[in-house]
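Structural features, examined
Take a look at the letters that make up each chain.
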Amino acid sequence: MRETSSPTFTLTPLAQPVRSVLLYVAMEAEASGIATALALSAPRSLRASSTAMLRDGEHNGLRIQLVTAGRDALLGVDHIGPVFGALAVARALDTCPADVIINAGTAGGFQSRGGAIGALVIARDVQFHDCRVELPNFDALARAHTRLSLSDAELDAIATLLHASVGGVSTGSSLGATSNEIAFFTREKTLAKEMELAAVAVVARERGVPLLALKSITDLVDQHEPAHEAFVKNLAFASARLARAMPQLLQWLRARG
Ligand code: ADE
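As a convention, each chain's residues are numbered from 1 in the sequence order in which they are written. Side-chain atom pairs in this predicted model are given and counted only at pLDDT of 80 or more, local residue features only at pLDDT of at least 70, and totals for whole chains, interfaces and linings cover all residues. Excluding hydrogens and water, the side-chain figures rest on all heavy atoms present in the structure.

This brings us to the site of the ligand. The full set of residues close to the ligand is Thr-106, Ala-107, Gly-108, Ser-174, Leu-175, Lys-193, Glu-194, Met-195, Thr-218, Asp-219 and Phe-231. Gly-108 places a polar main-chain atom, nitrogen or oxygen, 3.2 Å from a nitrogen atom of the ligand. In the analysis that follows, any N or O atom pair within 3.5 Å is treated as a polar contact, provided that within protein one partner can donate a hydrogen and the other can accept it, and provided that, for residues neighboring in sequence, both atoms belong to side chains. Thr-218 is positioned with one of its side-chain polar atoms (N or O) 3.2 Å from a nitrogen atom of the ligand. The method behind every accessible area is Shrake-Rupley, applied with a 1.4 Å probe, and residues are considered shielded solely by the protein chains displayed. For the ligand, whose unbound accessible area comes to 260 Å², protein coverage reaches 97%. Here a cavity means grid points, on a 1 Å grid over the protein atoms only, where a 1.4 Å probe fits yet cannot get out; a pocket means an open set of points with protein on both sides within 12 Å along at least five of seven lines; lining residues are those with an atom within 4 Å of a point. The rule for placing a molecule in a cavity or pocket is simple: more than half of its atoms must lie within 2 Å of the grid points. One can see that the ligand is located within the second largest pocket. In DSSP terms, a helix is any run of H or I states spanning at least four residues, a strand is any run of E spanning at least two, and both are numbered starting from the N terminus. Within the residue set of the shell around the ligand, elements represented by two or more residues are strand 6 (100-109), strand 10 (190-194) and strand 11 (211-220). Counting residues per element, the shell around the ligand draws most heavily on strand 6, at 3 residues. Side-chain classes follow a simple rule in which Ala, Val, Leu, Ile, Met, Phe, Trp, Tyr, Cys and Pro form the nonpolar group, Asp, Glu, Lys and Arg form the charged group, and the remainder, Gly included, forms the polar group. Residue classes in the shell around the ligand are distributed as 4 nonpolar, 4 polar and 3 charged. Distances are taken per atom, and a residue is near a molecule or strand as soon as one of its heavy atoms is within 4 Å of it.

The definition of a nonpolar core used throughout is a set of buried Ala, Val, Leu, Ile, Met, Phe, Trp, Tyr and Cys residues joined through side-chain atoms within 4.5 Å. Between buried and exposed lies partly exposed: a residue is buried under 20% and exposed over 50% of the maximum accessible area for its type, with that area taken using a 1.4 Å probe on protein chains only. Membership of the largest hydrophobic core comes to 36 residues, with the highest contact counts inside it found for Val-67, Ile-101 and Leu-211. Elements with a contribution of two residues or more to this core: strand 2 (20-24), helix 2 (82-95), strand 6, strand 7 (120-128), strand 10, helix 6 (197-207) and strand 11. Per-element tally for this core: the top contributor is helix 6, with 6 residues. The contact definition used throughout considers only heavy atoms, calling two residues in contact when any of these lie within 4.5 Å. Val-67 has contacts with Leu-22, Leu-23, Tyr-24, Val-25, Leu-46, Ala-52, Met-53, Leu-54, Ala-88 and Ala-92, leaving out every residue within four places of it along the chain.

Let us look at the packing of helix 2 against helix 6. Any two packed helices are characterised by the angle at which their axes cross and by the distance between the axes. Interaxial angle, 0 to 180 degrees, is taken between N-to-C directions of lines fitted to C-alpha atoms, where a helix line uses only the stretch in contact. Where helix 2 meets helix 6, the closest approach of the two axes is 7 Å, and the angle between their N-to-C directions is 30°. The angle between the axes of helix 2 and helix 6 places the two elements in the roughly parallel class. The handedness of the crossing between helix 2 and helix 6 comes out as right-handed. Counting all contacts with helix 2, which are made through Pro-82, Gly-85, Ala-86, Val-89, Ala-90, Leu-93 and Asp-94, the residues of helix 6 involved are Ala-199, Val-200, Val-203 and Arg-207. Classifying every residue of the contact of helix 2 with helix 6 gives 8 nonpolar, 1 polar and 2 charged. Roughly parallel here means an angle under 35 degrees, roughly antiparallel means over 145, roughly perpendicular means 65 to 115, and every remaining angle is called oblique. Crossings are assigned a handedness: left-handed for a near helix turned anticlockwise from the far helix by less than a right angle, right-handed for a clockwise turn.

In structure tokens, the structure reads:
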């Protein structure tokens, strides 16, 4: 099959000024330190018929609404992944409109591209790495990139402030990676592999809300240690890094007007 060239979708740029933020963090372990750092309310249900949880508060002149995916009633684990991410953000925007969405969380990184445990990545663009549809135009849509809302200058400013790297993030439904996916990450020069951002970007595009994303590395996809072992070992450390960075990121957002 001849491949059609794949599009890059763009998102609404950041509006001036930002006063309200919807922060989507899939896992409770990733979110609790951020909630403490921002002195947010205790979690409560976002709405009936959803497991998503909402904490809110004022931080440095910004209205913050922190949404997590919530837990599966049967298995007691967090509803991670693109489906729950898109659902939670769409439902949150219905009742909690915001000037910007920030997706923060952990990700797999790549030592060969400068990644390290606890290092931060600020997303320039995102795509799905496990959507493959061998049909004309469907294939191009499956491979599409979405450019997030920050300009190059804004990305560079945040990267300097947070000592973060700027680059491509890739989203799928799995914690591990196949050899084909690893080859894909090399071709795409991916800096972070995770399970929510591309799905959140679909909602941001549909709703016309600017989106930015900050990821902290728990495991190195191109090293020997299995992702699930490194993830469990490093989750608290990488999440603490996110919690330290979030007030700085919000301060930057507030200061830009
Ligand atoms: N979150 C943290 N590490 C990850 C990985 N290797 N893949 C997907 N999501 C992750």
